[in-house]
Amino acid sequence: MPAWICATCGVQHAVSARAPDRCAICDDERQYVGAGGQQWTTTAELVDTYHLVIREEEPDLFGIGVEPSIAIGQRALLVRTASGNVLWDCVPLLDDAARVRLAELGGISAICLSHPHFYGAYVDFAEAFGARVFIPRADAMWIRRPSEHVELFDDEAEPVPGLTLARIGGHFDGAAVLHWPAGCEGRGALLTGDAVQVVPDRGWVSFMWSYPNLIPLDEHTVKDIARRVGQFGFDRVYGGWWGRVIVDHGAAAIRRSADRYVERLRGNRPPSLPTDG
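About the thresholds
Residues numbered from 1 in each chain as written. Predicted model: local features only at pLDDT ≥ 70, side-chain atom pairs only at ≥ 80, totals over all residues. Heavy atoms only, no water. Pairing = 2+ DSSP bridges. Helix = DSSP H or I, 4+ residues; strand = E, 2+ residues; numbered from the N terminus. Buried < 20%, exposed > 50% of the residue type's maximum accessible area, 1.4 Å probe, protein only. Arc of directions from axis to C-beta. Phe/Tyr/Trp six-rings, centres within 6.5 Å; stacked < 30°, edge-to-face > 60°. Lys NZ or Arg CZ within 6 Å of the ring centre and 35° of its normal. Contact = heavy atoms within 4.5 Å. Polar contact = N/O pair within 3.5 Å; in protein donor to acceptor, adjacent residues only side chain to side chain.

Caption draft 1: The sheet that holds strand E2 (residues 12-15), seen in detail. The three strands lie next to each other as E2-E1-E3, forming an open sheet whose pairing is antiparallel. The open sheet is flanked by E2 and strand E3 (40-41), the only strands paired with a single partner. The pairing of strand E1 (residues 3-6) with E2 spans two bridges and is antiparallel. Looking across to E2, one finds that alanine 3 is bridged to valine 15.

What follows is the structure, given as structure tokens:
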């Protein structure tokens, strides 16, 4: 029996003889059901059309994405450490070629997930490599495919020595980030998914309750996210998609982005741009 995958969000559901009636993640106001209605697929169907690509982002950090793009289109990240490798976020598919390449890179000791939209096929990855899966207790209700590999945590966890997984809330109550102190040549990197969204103007980030439906967060929550993130030292920020990276001064970018967001919530407009003539 297959583990059904929602075609809109790409999250794998529990093994069953027939597809579920609904995807609870897409029924939630932060996501959506596509115009064609709820649709499902399986790993067996996906491997005929899609494949994984693995690219080095910087030393000991590899991006993992699906081509052509599928569902939300995120890419995951593999952090390599001497104490074991950590997969940050997940994608909807694990194919044979990627399984071999990930094994060559040292396998996966732990899987850490920023929020339910990026759960993907985490059970397939966990079973392939015997990995522990860390999910915030605050988001336990969103688990679509239960597994003995899943371990719930409250505010912080250490998936392998030296890396910190921290709940920051906002987009989901359990929305989390991963702090990698050795990243960015020892200046530190923060992996955020879209719990903290790196925007196309890559000196800034943003924060939302719902990105596709454009529902903002409140002032208190944005300030709390900035406070929780501010406990870590880092220079680089990796968002949830290829190219969404703040290369340097990432901590300052998050602080000023939170300040800008709050000012706009309060109705304070920035100075007008000068006009010609």
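Caption draft 2: Looking closely at the environment of phenylalanine 62. Summarising the element assignment, phenylalanine 62 is placed in strand E5 (residues 61-67). Exposure remark for phenylalanine 62: the relative accessible area of 8% places this residue in the buried category. Separated by 97 residues in sequence, phenylalanine 62 and proline 159 place their C-alpha atoms 18 Å apart.

Caption draft 3: Summary view of helix H4 (residues 122-129). What H4 keeps buried is the set Tyr122, Val123, Phe125, Ala126 and Phe129. Each buried residue of H4 sits inside an arc of 160 degrees when the element is viewed along its axis, so together they form one side. Directly after H4, the chain includes glycine 130, whose backbone phi takes a positive value near 65 degrees.

Caption draft 4: Quick look at the packing of aromatic side chains. As enumerated under the stated definition, the model contains four aromatic pairs in all. Ring geometry for tyrosine 119 versus tyrosine 122: centroids 5.7 Å apart, planes at 85 degrees, classification edge-to-face. Since its relative accessible area comes to 2%, tyrosine 122 is described here as buried. Centre to centre, the rings of tryptophan 142 and phenylalanine 172 are 5.6 Å apart; their planes meet at 90 degrees, and the pair counts as edge-to-face. Taken together, the residues span a long stretch of sequence, with tryptophan 142 in the loop between strand E9 (132-136) and strand E10 (150-153) and phenylalanine 172 in the loop between strand E12 (164-167) and strand E13 (176-180) at a distance of 30 residues. Of the two residues examined, tryptophan 142 and phenylalanine 172, each falls in the buried class. A cation over an aromatic ring shows up here: arginine 30 above the ring of phenylalanine 172, its NZ or CZ 3.8 Å from the ring centre. Against the face of tryptophan 204 rests arginine 260, its NZ or CZ located 3.8 Å from the ring centre.

Caption draft 5: Region of the structure containing helix H5 (residues 219-229). Those residues of H5 that sit buried are Thr221, Val222, Asp224, Ile225, Arg228 and Val229. Along the long axis of H5, the arc covered by the buried residues comes to 160 degrees, so they all point the same way. When the buried face of H5 is taken as reference, the exposed residues oriented beyond 90 degrees from it are His220 and Arg227. Against E12, strand E14 (189-193) and helix H6 (250-265) lie the buried residues of H5. Here H5 starts with a cap whose side-chain oxygen sits 3.1 Å from the backbone nitrogen of histidine 220, and that cap is aspartate 218.

Caption draft 6: Representation of the environment of glycine 162 in the model. Assignment of secondary structure puts glycine 162 in the loop between strand E11 (156-157) and E12. Glycine 162 sits 20 residues away from alanine 182 along the chain, and the two C-alpha atoms are 8.5 Å apart. Those residues in contact with glycine 162 that lie beyond four places of it in its chain are His179 and Pro181.

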